[in-house]
Amino acid sequence: MKVTFEELKDFLEVQFPQGAAYGSLEALGDGWAEMTLAVEDDHLRPGGTVSGPAMMALADVTMYAALLSRIGLVPLAVTTNLNINFLRKPVAHAPIRARATLLKVGLTMGVGEVFVYSDGMEDPVAHSTMTYSIPPEKYQN
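Residues numbered from 1 in each chain as written. Predicted model: local features only at pLDDT ≥ 70, side-chain atom pairs only at ≥ 80, totals over all residues. Heavy atoms only, no water.

## Notes on the pattern of salt bridges
The condition that has to hold: Every case where a carboxyl oxygen of Asp or Glu lies within 4 Å of a side-chain nitrogen of Lys or Arg is listed as a salt bridge. Each helix is a run of H or I in the DSSP string that is no shorter than four residues. Each strand is a run of E no shorter than two, and both are numbered from the N terminus. Here the term buried applies to any residue with accessible area under 20% of the maximum for its type, exposed to any over 50%, and partly exposed to those in between, with areas from a 1.4 Å probe on protein chains only.
In the structure shown here, the tally under the stated rule is 3 salt bridges. In this structure, the salt-bridge partner of Arg 70 is Asp 30, at a minimum N-O distance of 2.9 Å. Taken together, the residues span a long stretch of sequence, with Arg 70 in helix 2 (residues 52-71) and Asp 30 in the loop between strand 1 (24-29) and strand 2 (32-37) at a distance of 40 residues. Here Arg 70 falls in the partly exposed class, since its relative accessible area comes to 32%. Look at Asp 30 and you get partly exposed, because its relative accessible area is 42%. A salt bridge links Arg 97 to Asp 119; its shortest N-O distance comes to 2.6 Å.

## Side note on the environment of Leu 37
This is how the line gets drawn: Contacts are residue-level and defined by heavy atoms, with any inter-residue pair within 4.5 Å sufficient.
With respect to the helices and strands, Leu 37 occurs in strand 2. Those residues in contact with Leu 37, other than ones at most four positions away along the chain, are Ala 21, Tyr 22, Gly 23, His 43, Ala 54, Leu 58, Pro 95 and Ile 96.

## A look at the nonpolar core
Put simply, the rule is: In this text, buried Ala, Val, Leu, Ile, Met, Phe, Trp, Tyr and Cys residues form a nonpolar core when linked through side-chain atoms within 4.5 Å.
Among the nonpolar cores identified, the biggest contains 37 residues, and Leu 8, Ile 96, Val 114 and Val 116 are the most heavily contacted of them. Of all the secondary-structure elements, those providing two or more residues to this core are helix 1 (5-15), strand 1, strand 2, helix 2, strand 6 (96-105), strand 7 (109-118) and strand 8 (126-133). Per-element tally for this core: the top contributor is helix 2, with 12 residues.

## Description of the sheet that holds strand 2
The criterion, for reference: Paired strands, in this sense, are two strands between which DSSP finds at least two bridges. Lines fitted to the C-alpha atoms define the axes, with helices restricted to the stretch that makes contact. Angles between their N-to-C directions range from 0 to 180 degrees.
The 6 strands lie next to each other as 1-2-6-7-8-5, forming an open sheet whose pairing is antiparallel. The outermost strands of the open sheet, each flanked by one partner alone, are strand 1 and strand 5 (78-86). When the angles between neighbouring strand axes are averaged without regard to direction, this sheet yields 20°. For strand 2 and strand 6, the ladder comprises 6 bridges, and the chain directions are antiparallel. Bridge pairing in strand 6 links Trp 32 to Thr 101. Set on the sheet, helix 2 makes contact with strand 1, strand 2, strand 5, strand 6, strand 7 and strand 8; between it and strand 6 the angle comes to about 45°.

## Looking at the packing of aromatic side chains
Applicable threshold: Side-chain rings of Phe, Tyr and Trp (the six-membered ring for Trp) are treated as a pair once their centres are within 6.5 Å; stacked means planes under 30 degrees apart, edge-to-face means over 60, and tilted covers the remaining angles.
With the rule as written, the count across this model stands at 3 aromatic pairs. Taking the centre distance of 6.1 Å and the plane angle of 65° together, the rings of Phe 16 and Tyr 64 count as edge-to-face. Separated by 48 residues along the polypeptide, Phe 16 in the loop between helix 1 and strand 1 and Tyr 64 in helix 2 bring together distant segments of the chain. What makes Phe 16 partly exposed here is its relative accessible area of 23%. Tyr 64 gets classed as buried once you look at its relative accessible area, which sits at 9%.

This is the structure in C-alpha cells:
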C-alpha cells in the first residue's frame, strides 16, 4: 500500500474538500476502500429514494480512494468511465456504504468495481464499474 488511511484522509480533506459531501473514508487496504454517506434530505429524489447522483458520487470517490491506495497521492487521477446499475431501492434515510476493489492497475489506467449497500439491507443497491486515467509521472503531484 502506497498511502496510509490517515495520509489519504488528510489528503482528501485538503485536496478534495468537496468530497466530504460524497462520503467519509471508513477503511482502506491495498487496492480497496470503504466509504459511508449519511443520507440527508438533499440526497433524496421524489418518491423517497436515494438519488442516483448521490450513489454515483459515493461510488466514484470510493474508487478514487482505492486507486490512491495503490498508486499514492496523485491528485490528477481522474474518472474516464463510470457505469452503474441500480439494483434495488435503498432505505430513504439510512446511510449508504460503498466498497471499491481494484481489478487492474497499469501505468496509465486503473479499473475497478464498487458495490453500494444501504444499511438495513443485505443485498447491494447498486453496482458500478469504473476506469480511471493515471497521469504520466511528470504530471503527478
